[in-house]
Amino acid sequence: EFIDSYYFNQVEDIRFNSTVGKYVGYTEHGVKNAETWNKGSELAQELGELERFCKPNADLHYSNVL
């Protein structure tokens, strides 16, 4: 599971969660930005990072944890 969180003044505004597959906003400002980011190129970039880094390295990190 890949999670990318964005904070402002120690409050989580927005989170990308690979299980959900999109940005989710937790504040009024975060909800507006999440809607915009889910329609734009930001979502494609996060999904690209998931494919580029997370999936190829998941087995390596999992075996180190065990």
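Here is a short report on the structure shown in this document. (Residues numbered from 1 in each chain as written. Predicted model: local features only at pLDDT ≥ 70, side-chain atom pairs only at ≥ 80, totals over all residues. Heavy atoms only, no water.)

1. A closer look at the side chain of E12
In step 1: One can find E12 in strand β2 (residues 11–17).
In step 2: We classify E12 as buried; its relative accessible area is 15%.
In step 3: At 2.8 Å, the side chain of E12 and the side chain of S5 are in polar contact.
In step 4: Within polar-contact distance, the side chain of E12 engages the side chain of R15 at 2.9 Å.
In step 5: With residues near it in sequence (within four places) discarded, E12 still touches S5, Y6, Y7, Y26 and T27. (Helix = DSSP H or I, 4+ residues; strand = E, 2+ residues; numbered from the N terminus. Buried < 20%, exposed > 50% of the residue type's maximum accessible area, 1.4 Å probe, protein only. Polar contact = N/O pair within 3.5 Å; in protein donor to acceptor, adjacent residues only side chain to side chain. Contact = heavy atoms within 4.5 Å.)

2. Here we look at the pattern of salt bridges
In step 1: A complete count under the given rule lists two salt bridges for this structure.
In step 2: Where E12 meets R15, a salt bridge forms, and the shortest distance between an N and an O atom there is 2.9 Å.
In step 3: The class for R15 is partly exposed, based on a relative accessible area of 24%.
In step 4: Salt-bridge contacts for R52 lead to E49; the nearest nitrogen and oxygen are separated by 2.8 Å. (Salt bridge = Lys/Arg side-chain N within 4 Å of Asp/Glu carboxyl O.)

3. Some thoughts on the sheet that holds β2
For sheets, the rule is that strands pair by backbone hydrogen bonds, running either parallel or antiparallel.
In step 1: One open sheet holds the three strands; their spatial order is β1-β2-β3, and the pairing between them is antiparallel. Each end of this open sheet is capped by a strand with a single partner; those strands are β1 (3–8) and β3 (22–25). Across the sheet, the mean angle from the axis of one strand to that of its neighbour is 20 degrees, orientation sign disregarded.
In step 2: Pairing of β1 with β2 involves six bridges; the strand directions are antiparallel. Following the sheet pairing, Y6 is matched in β2 by I14.
In step 3: Running over the sheet, helix α1 (residues 28–39) touches β1, β2 and β3 and is turned about 165 degrees from β3. (Pairing = 2+ DSSP bridges. Axes fitted to C-alpha atoms, helices over the stretch in contact; angles between N-to-C directions.)

4. Quick word on the nonpolar core
Note that soluble globular proteins tend to have their nonpolar side chains buried in a common cluster.
In step 1: Counting seven residues, the largest nonpolar core is built from F2, I14, F16, Y23, A34, L43 and L50.
In step 2: Secondary-structure elements contributing two or more residues to this core are β2 and α2 (41–65).
In step 3: Ignoring anything within four residues of it in the chain, the contact list for F2 reads F16, N17, S18, E46, L50 and C54. (Core = buried A, V, L, I, M, F, W, Y, C linked by side-chain atoms within 4.5 Å.)

5. Digging into the side chain of D13
In step 1: Mapping D13 onto the fold places it in strand β2.
In step 2: No salt bridge is formed by the buried D13; the nearest opposite charge belongs to R15, separated by 12 Å.
In step 3: Here the side chain of D13 touches T27 through a polar contact of 2.9 Å, side chain to side chain.
In step 4: When residues no more than four places from it in sequence are discounted, the contact partners of D13 are Y6, Y7, F8, V24, G25, Y26, T27, H29 and G30. (Lys, Arg positive; Asp, Glu negative; His and termini not counted.)

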